[in-house]
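# Descriptive analysis of the structure
The residues making up each chain are set out below.
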Amino acid sequence: MMRDKRFTIALNLLQNLVRAKSVTPPGDVSDSTNVVTNFLKSSGINFDIVEGKPGVKNVVAKLKGSKKSNNDTPLCLVMNGHIDTVPAGEGWEKQPFSGEFIDGEVWGRGSVDMKGGITAMLLALSEIKDEGSPFCGEIIFTAVGDEEYHSQWGTKYLLANGLNGDFAINAEPTNLEFCLGNRGLLMVDIDIYGKASHGGRPHLGDNAVEKAAKIINAINEMDFTEPSNSYFEVQNGSLSVVGIKGGSRENVIPDLCTIYLDRRLMPGDSSDKAVKDILSLIKDTVGVDADINDRKNSSIVVKPEFWHEPCWTEVEHPFIQNCIDVYDSKFGRNPEISGKAAGTDASHLVSIGKMPTLIFGPGNYNLSHTNKERIKFEQVLKAADFYKDLIKKVLHD
Ligand SMILES: [Zn+2]
């Protein structure tokens, strides 16, 4: 492969990002943030650091177009990606933070998820700046931390502090195809209280584990088979029991059992309704009106924690139609369209920021979080080209 100047600049950037460890937990992304801001400085692009919590240093860069807009309020495109990664884990055949370049691929934790996407966005920004920023309105580029946990101090923090735009692109790996949304995730813990007694006198107690078992059986009978969005890899919601803890020792009837639930939501599903469904299942199964979060009167306490809402931007949305046009003229065909089974920051861009959002980025998402994580470097350059064309198309006069 020919290594021109562009190739070398982008390869160095991606390798430096992979080498700048930014693992969540604990979530300190300072080293990666420095790589991003050094690149922005050398490109002459202004930025701020917005530190959600110590170490979660989010970068917010702004680039204004040089063309005059006919709109009273010029349009704004948000470009978003995360710079934190999951831990390296075991069993690598290459050093996970070396950023080695072998046979056209950059290896290492974060290469796919998603320092490749960050590299593509930065390259696009610096090149479009060099061209004289031939667009109207503004681009806000955000490279955030905390995505591999709850996003509370990353994208959600920026949205809570005024990040806004007319539309957004998230650069999670999609193998250069389109992804228009993801399922939502609601974690629910249920504390089921009973009454302890001697194991030899079970009739004097109230067995919390046995009540939990009834609830688990009822959960298994819930029906989630109705597909609700055919673009998704997994086309329906689900409710899974992912953990159970109960009992203190042998020969004591247990007075507490906790079950842990993982509820996946499809676009259109509401997290409020998902919680209500769990409350009525408990009522129907064991005849108890459960409390939410705090134990007041009830013997069952339901503790919901929203990780991310489901999201979906319709194919027919004018922004997505523009994205498809750009894709077609670049790649000579329509993109494949899908929805992700796992969550992304697109959830927050859509549900909190109310922005129609395209998820598009380089890299094979099946390699994310694995010990074989590596990215075809050519995809990074192609993604950058697509971003540049998309900027010019959607930020027009
Ligand atoms: Zn990711």
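A short tour of the structure in this document, coming up. This one's a predicted model, so the numbers in the text were calculated from it and none came from an experiment.

Conventions we followed
Within every chain, residues take consecutive numbers counted from 1 along the sequence as written. For this predicted model, a pLDDT threshold of at least 70 governs which residues receive local features, and a threshold of 80 or more governs which side-chain atom pairs are given and counted, while totals over whole chains, interfaces and linings are taken from all residues. To qualify as a helix, a DSSP run of H or I must reach at least 4 residues; to qualify as a strand, a run of E must reach at least 2; elements of each kind are numbered from the N terminus. Residue burial is a threshold on neighbouring C-beta atoms within 10 Å of the residue's own C-beta, all placed from the backbone, with 20 or more meaning buried, 12 or fewer meaning exposed, and counts in between meaning partly exposed. Any two residues are considered in contact once their C-beta atoms, placed from the backbone, lie within 7 Å. At least two bridges found by DSSP between two strands is the condition for calling them paired. As a rule, the C-alpha atoms of each element are fitted with a line to give its axis, helices using only the stretch in contact, and angles between N-to-C directions run from 0 to 180 degrees. Oblique is the label for every angle not falling under 35 degrees (roughly parallel), over 145 degrees (roughly antiparallel), or within 65 to 115 degrees (roughly perpendicular). Each crossing gets its hand from how the near helix is turned against the far one by less than a right angle, where anticlockwise is left-handed and clockwise is right-handed. When residue character is reported, Ala, Val, Leu, Ile, Met, Phe, Trp, Tyr, Cys and Pro are called nonpolar, Asp, Glu, Lys and Arg charged, and the others, Gly included, polar. Helix span, expected: 1.5 Å multiplied by one less than the number of residues in the helix. This arc is built from the directions going out from the helix axis to the C-beta atoms.

What follows is about the overall build of the protein. Helix and strand counts for the protein come out as 9 helices and 19 strands. Across its three principal directions, the C-alpha atoms of the protein cover 80 × 45 × 35 Å. Looking at the protein as a whole, 45% of its 397 residues qualify as buried. Sequence separation of 24 or more characterises 77% of the internal contacts of the protein that already satisfy a separation of 6 or more.

Another point: the pairing of strand β15 (residues 300–308). Note that strand β9 (residues 184–193) and β15 share 8 bridges and pair antiparallel. What sits directly across from Asp191, in β15, is Val301. Inspection of the sheet shows strand β14 (residues 291–292) paired to β15 by 2 bridges, in the parallel sense. When the bridges of β15 are listed, Ile292 appears paired with Val302.

Bringing the sheet that holds strand β19 (residues 374–376) into the picture now. With antiparallel pairing, 3 strands are arranged side by side in an open sheet as β4-β5-β19. Lying at the two open borders of the sheet, with one neighbouring strand each, are β4 (101–102) and β19. As judged from the 2 bridges shared by β4 and strand β5 (residues 105–107), these two strands associate in the antiparallel manner. Counterpart to Phe101 in the pairing with β5 is Val106. With respect to the sheet, helix α3 (residues 111–130) is in contact with β5 and β19, its orientation differing from that of β19 by roughly 45°.

In spatial order, the strands read β11-β13-β9-β15-β14; together these 5 strands make up an open sheet with mixed pairing. Looking along the sheet, the strands with just one partner apiece sit at the ends: β11 (238–246) and β14. Contacts from helix α6 (residues 271–286) reach β9, β13 (256–265) and β15 within the one sheet, and its direction differs from that of β15 by about 155°.

The next subject is the environment of Pro26. With respect to the helices and strands, Pro26 occurs in the loop between α1 (5–19) and α2 (30–43). Along the sequence, Pro26 and Ser280 sit 254 residues apart, while their C-alpha atoms lie 38 Å from each other.

On to the pairing of β9. In this structure, β9 lies alongside β13, joined through 10 bridges in antiparallel fashion. Directly across from Leu186, in β13, lies its bridge partner Arg263.

It is the contact of α2 with α3, at a shortest axis distance of 10 Å, that shows an interaxial angle of 10°. Taken together, the axes of α2 and α3 lie roughly parallel to each other. You can see that α2 and α3 cross each other, and the crossing is right-handed. For the pair α2 and α3, the contacting residues are Val36, Phe39 and Ser43 in the first and Ile118, Leu122, Leu125, Ser126 and Lys129 in the second. Class assignment of the residues belonging to the contact of α2 with α3 gives a composition of 5 nonpolar, 2 polar and 1 charged.

Along its 14 residues, α2 runs 20 Å from first to last C-alpha, staying within 8% of the 20 Å computed at 1.5 Å per residue. Along α2, the residues classified as buried are Ser32, Thr33, Val35, Val36, Phe39 and Leu40. One side of α2 holds all its buried residues, which, seen down the axis, span an arc of 160°. Facing away from the buried surface of α2 by more than 90 degrees, the exposed residues are Asn38, Lys41 and Ser42. Buried-residue contacts for α2 involve α1, β1 (46–51), β2 (57–64), α3 and β6 (138–144). Gly44 sits one or two positions beyond α2 and adopts a positive phi of about 75°.

All we've got here are geometric facts, nothing functional implied.
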